[in-house]
Amino acid sequence: MATAEIRKSDLTPRQKYLVERAGMCQDCHTPRTKDGGFDQRNWLLGGSLGMKPLAPMPWMPVAPPIAGLPTLTREQAVHFLMTGERPGKPHVTPPMPEYRFNKADAEAIAGYLKSLAK
């Protein structure tokens, strides 16, 4: 499963848990509806952040889309999830956390995200 493409029907509860509960990716990468819920039609397709820092600092006001991994290869996503390092950008910009998932969990998350390609 680590190297093969994953179909949506093959997603496991573990992958869903890692993305939605451990990583909490949807909190920033899914837009909100008027009532504050997640816009399910635009799941993990990026969104404006409803927060900002109180002190001046580097900050990303918009979370990019991650469904389908549009800007990273699967291998780059696994590396990022294990180290917090992106190609050409050694550190993430807040509020993105520098995750340190183990390889199996990073591969499971990357598989889930890749499976959401449209």
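Refer to the preceding data block for the structure.
## A closer look at the packing of aromatic side chains
For step 1, the next point in the chain: Going through the model one piece at a time under the given rule, you end up with 2 aromatic pairs.
For step 2, the next point in the chain: Taken together, a centroid distance of 6.0 Å and an interplanar angle of 85° make the contact between Phe-38 and Trp-43 edge-to-face.
For step 3, the next point in the chain: By relative accessible area, Phe-38 is classed as partly exposed at 25%.
For step 4, the next point in the chain: Looking at Trp-43, the relative accessible area reads 16%, which means it is buried.
For step 5, the next point in the chain: Ring centres of Tyr-99 and Phe-101 lie 5.1 Å apart, and the angle between their planes is 35°; on these two criteria the pair is classed as tilted.
For step 6, the next point in the chain: Of the residues examined, Tyr-99 reaches a relative accessible area of 15% and is grouped as buried.
For step 7, the next point in the chain: A relative accessible area of 13% places Phe-101 in the buried class.

## Regarding the packing of helix α1 (residues 13–22) against helix α4 (residues 103–115)
For step 1, the next point in the chain: At a minimum axis separation of 9 Å, α1 and α4 run at an interaxial angle of 90°. Relative to α4, the element α1 is oriented roughly perpendicular. Each of Arg-14, Gln-15, Lys-16, Leu-18, Val-19 and Glu-20 in α1 lies in contact with α4, whose residues at this interface are Ala-104, Asp-105, Ala-108, Ile-109, Gly-111 and Tyr-112.
For step 2, the next point in the chain: For the contact of α1 with α4, the per-class residue count stands at 6 nonpolar, 2 polar and 4 charged.

## What to know about the pattern of salt bridges
For step 1, the next point in the chain: Counted by the stated rule, this structure contains 5 salt bridges.
For step 2, the next point in the chain: Arg-41 serves as the salt-bridge partner of Asp-39, at 3.5 Å between the closest nitrogen and oxygen.
For step 3, the next point in the chain: Under the relative-accessibility criterion, Arg-41 is labelled exposed at 66%.
For step 4, the next point in the chain: A salt bridge links Arg-100 to Glu-98; the nearest nitrogen and oxygen atoms lie 3.5 Å apart.
For step 5, the next point in the chain: Overall, Arg-100 belongs to the exposed group, its relative accessible area being 52%.

Cut-off values and rules
Residues numbered from 1 in each chain as written. Predicted model: local features only at pLDDT ≥ 70, side-chain atom pairs only at ≥ 80, totals over all residues. Heavy atoms only, no water. Phe/Tyr/Trp six-rings, centres within 6.5 Å; stacked < 30°, edge-to-face > 60°. Buried < 20%, exposed > 50% of the residue type's maximum accessible area, 1.4 Å probe, protein only. Axes fitted to C-alpha atoms, helices over the stretch in contact; angles between N-to-C directions. Helix = DSSP H or I, 4+ residues; strand = E, 2+ residues; numbered from the N terminus. Parallel < 35°, antiparallel > 145°, perpendicular 65-115°, else oblique. Contact = heavy atoms within 4.5 Å. Nonpolar A, V, L, I, M, F, W, Y, C, P; charged D, E, K, R; others polar. Salt bridge = Lys/Arg side-chain N within 4 Å of Asp/Glu carboxyl O.

Geometric values such as these leave the question of function open.
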